[in-house]
Amino acid sequence: MEANMPKRKEAGKSLRIKVISMGNAEVGKSCIIKRYCEKRFVSKYLATIGIDYGVTKVQVRDREIKVNIFDMAGHPFFYEVRNEFYKDTQGVILVYDVGQKDSFDALDAWLAEMKQDLGPHGNMENIVFVVCANKIDCTKHRCVDESEGRLWAESKGFLYFETSAQTGEGINEMFQTFYVSIVDLCENGGKRPITNSSASFTKEQADTIRRIRNSKDSWDMLAVKPGASRDEVNKAYRKLAVLLHPDKCVAPGSEDAFKAVVNARTALLKNIK
Ligand code: GTP
Ligand code: MG
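Residues numbered from 1 in each chain as written. Chains lettered and ligands numbered in written order. Predicted model: local features only at pLDDT ≥ 70, side-chain atom pairs only at ≥ 80, totals over all residues. Heavy atoms only, no water.

### Re the packing of aromatic side chains
Tallying each qualifying case throughout the model produces eleven aromatic pairs. Taken together, a centroid distance of 5.1 Å and an interplanar angle of 85° make the contact between F77 and F78 edge-to-face. Between F178 and Y179 the ring centres are 5.7 Å apart and the planes differ by 35°, which places this aromatic pair in the tilted class. Y179 matches F178 in its accessibility class, with the two residues each being buried. An aromatic cluster is present here, built from Y96, F104, F129, W152 and F158 joined pairwise through their rings. Over the ring of F70 we find K18; its NZ or CZ atom is 5.0 Å from the centre of that ring. The ring of Y237 carries the charged tip of R265 above its face, separated from the ring centre by 4.4 Å. (Phe/Tyr/Trp six-rings, centres within 6.5 Å; stacked < 30°, edge-to-face > 60°. Buried < 20%, exposed > 50% of the residue type's maximum accessible area, 1.4 Å probe, protein only. Lys NZ or Arg CZ within 6 Å of the ring centre and 35° of its normal.)

### Considerations on the UniProt feature "domain: J" (unreviewed entry) in the protein chain
UniProt's feature table lists "domain: J" (unreviewed entry) at residues 217-273, given in the numbering used throughout. Secondary structure content for residues 217-273 is 67% helix and 0% strand, while the C-alpha to C-alpha distance between its ends is 19 Å. (UniProt positions renumbered as here; feature names shortened; annotations may be inferred. Helix = DSSP H or I, 4+ residues; strand = E, 2+ residues; numbered from the N terminus.)

### Regarding the site of ligand 1
In the neighbourhood of ligand 1, 25 residues make up the surrounding shell, with K29, Y45, G74, D137 and A165 lying closest. The separation between an oxygen atom of ligand 1 and a polar side-chain atom of Y45 is 2.4 Å. The contact in question runs from an oxygen atom of ligand 1 to an N or O atom on the backbone of Q166, over 3.3 Å. For ligand 1, whose accessible area on its own is 650 Å², the fraction buried by protein is 93%. Among the elements that line the shell around ligand 1, the one with the most residues is helix α1 (residues 29-38), at three residues. Across the shell around ligand 1, the residue classes break down as eleven nonpolar, nine polar and five charged. (Near = heavy atom within 4 Å. Polar contact = N/O pair within 3.5 Å; in protein donor to acceptor, adjacent residues only side chain to side chain. Areas by Shrake-Rupley, 256 points an atom, 1.4 Å probe, with all protein chains shown as cover. Nonpolar A, V, L, I, M, F, W, Y, C, P; charged D, E, K, R; others polar.)

### Observations regarding the pattern of salt bridges
For the structure on display, the rule yields 16 salt bridges. Notably, a salt bridge pairs R61 with D184, separated by 2.8 Å at the nearest N-O pair. On the criterion of sequence distance, the pair formed by R61 in the loop between β2 (51-60) and β3 (63-72) and D184 in helix α6 (residues 171-187) is long-range, its members being 123 residues apart. You can call R61 partly exposed: its relative accessible area is 48%. One salt bridge connects K156 with D108, and the closest N-O pair in it is separated by 3.6 Å. Residue K156 is located in the loop between α5 (146-155) and β6 (159-162), and its partner D108 is located in helix α4 (residues 107-118); the two are separated by 48 residues in the primary sequence. Within this structure, K101, D105, D145, E148 and R213 form a network of salt bridges that share partners. (Salt bridge = Lys/Arg side-chain N within 4 Å of Asp/Glu carboxyl O.)

### A short note on the confidence of the model for the protein chain
Within the protein chain, residue pLDDT values average 91, and 93% of them lie at 70 or more. For this predicted complex, the interface score ipTM comes out at 0.99, while the overall pTM is 0.86. (pLDDT = per-residue confidence, 0-100.)

What follows is the structure in structure tokens.
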């Protein structure tokens, strides 16, 4: 039996699973869980000390699912406590705050922490990950947009939801899809079900969109040297257009990236004799 496979009480009927929350301190992990389990929101920040544990029951199709939720503290101080809890997990709720770029950039480090703690025999492939882009109610402070978050999540084969623990937006939908995916995984012999989105764009497309997003000027965007010729600019443009054309590329953010490339080419050609 796979190490991550949950214990079944009665084959085909009830199922016991373990899910954990992960992400920087103060991104809203505890509030997301509270919103779903207790239908309420607490605006005062009460940092989780180490781990909070809770049990809940949910129904997925004909199965009753007993969910053990381990809500982890995001503060680095609690690393030693957290690392006891990564193993035997079927689902991870990975949270960042859309108004805190650091918390988004930290997602890779969270995966690395989990991977390290699971050790060489740990398998992250048979765990369902759902990424929550949380605090979408704070529109004024938003600095990580939907396509950036979705691109990161979907290029890893993770689910992605925009959530607000404060208003409740996206929370039920997120948990419902998350639990259904975990049950699908359990019924699929412990293999993560292939989502449509994970198979629909390439790593090259995802990396190119990210590179374009972070480029410092039009030369950089087209990946040509400053002072390049018309031919070089056109050649670089054509290569990117083929890769990112909205008819061919469904990666989140591809439409904006394509438009940016068109504009960069126009701007450069204006100034090249
Ligand atoms: P640690 O336990 O320290 O790791 O933090 P956490 O990720 O569990 O954060 P927590 O859920 O305690 O929320 C942190 C703060 O953000 C609290 O003041 C919450 O009220 C606030 N908060 C959480 N979710 C939302 C949200 O969706 N919108 C807004 N506006 N505030 C939120
Ligand atoms: Mg907490």
